[in-house]
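# Observations on the three-dimensional arrangement
In case you want the letters, here they are:
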Amino acid sequence: KHVRKWYLTAARSGFYFFDIVKLRRILRGRLNDADVLIFDRYVYDQLANIYSQSLLWRFYGRFLLSLTPNPNLAFILDASPAAAFARKPEYPLQFVERNRRTFLSLRELAPELITIPAANPDDVTHEINSHIDRSLLIGQDLKAETEISAANSVAAGQTFRSVENLPTAHI
């Protein structure tokens, strides 16, 4: 991902189109079957991998997003590049810094992205839960019975109502 040669970006761009076509096919039957689907990165990670300031990229990025089912909630969990690098040292620090800037700038194409600032896990959980509470995802009848802890439910593999965790394809 951190190698940015033009021909690799062009190849990734084509593969990402096919990933989105596959995602649409996978989600077609599941959107009505589950109350909540949780993705790690969704298509935003792929857009960050091919991000460029060019008008051609912005057109292609918008095109890919137009093909992608729009999530009700989409979060960017921000982290300091130094902390992320300490956790995943296989990527150079410069790449981690650029990748953070790229993710934050994706809001230009995807204004639905909600940035959650770096904080301790309890504060991040509280922030995510407050967005869920304000969204249409949890009806009034569910609110009382589902005070979820995002960090605990994901880490422990717990479910509330019907939650399905689908990994996205990474090329």
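This text goes with the structure placed above it.
Per-chain numbering applies: the sequence of each chain, read as written, is numbered from 1 onward. In view of the model being predicted, local features appear only for residues whose pLDDT reaches at least 70, and side-chain atom pairs are presented and counted only at 80 or more, with totals across whole chains, interfaces and linings using the full set of residues. Computation of side-chain values: all heavy atoms of the structure, hydrogens and water removed.

## Remarks on helix H3 (residues 55-67)
Rules: Starting at the N terminus, helices and strands are each numbered in turn, a helix being any DSSP run of H or I of at least four residues and a strand any DSSP run of E of at least two. By this rule, a helix spans an expected 1.5 Å times one less than how many residues it contains. We call a residue buried when its accessible area falls under 20% of the maximum for its residue type, exposed when it is over 50%, and partly exposed in between, using a 1.4 Å probe and counting protein chains only. As used here, the arc is the angular range of directions from the helix axis to the C-beta atoms.
Taking 1.5 Å per residue, 13 residues should reach 18 Å; H3 reaches 19 Å between its end C-alpha atoms and fits that length. What H3 keeps buried is the set Trp57, Arg58, Gly61, Leu64 and Leu65. Along the axis of H3, the buried residues cluster in a sector spanning 125°; they form a single face. In H3, the exposed positions that point more than 90 degrees away from the buried face belong to Leu55, Leu56, Phe59 and Ser66.

## Some words on the packing of aromatic side chains
Inclusion rule: Two rings from Phe, Tyr or Trp (for Trp, the six-membered ring) form a pair when their centres are within 6.5 Å of each other. A pair whose planes differ by under 30 degrees is stacked, one over 60 is edge-to-face, and the rest are tilted.
In the structure shown here, the tally under the stated rule is 7 aromatic pairs. Centroid distance Phe17 to Phe18: 5.4 Å. Interplanar angle 70°. Geometry classified as edge-to-face. Using a relative accessible area of 56% as the deciding quantity, one classes Phe18 as exposed. Geometrically, the ring pair formed by Tyr91 and Phe95 is tilted, given 5.0 Å between the ring centres and 40° between the ring planes. Put simply, the rings of Phe17, Phe18, Tyr60 and Phe63 pair up and form one aromatic cluster.

## Description of the pairing of strand E2 (residues 74-77)
What counts here: Pairing between two strands requires that DSSP report at least two bridges joining them.
Going residue by residue along E2, you find Ala74 and Ile76 tucked away on one face and Phe75 and Leu77 left uncovered on the opposite face. By the bridge criterion, 4 bridges tie E2 to strand E3 (residues 113-116) in an arrangement that is parallel. Bridge assignment links Ala74 to a residue of E3, and that residue is Leu113.

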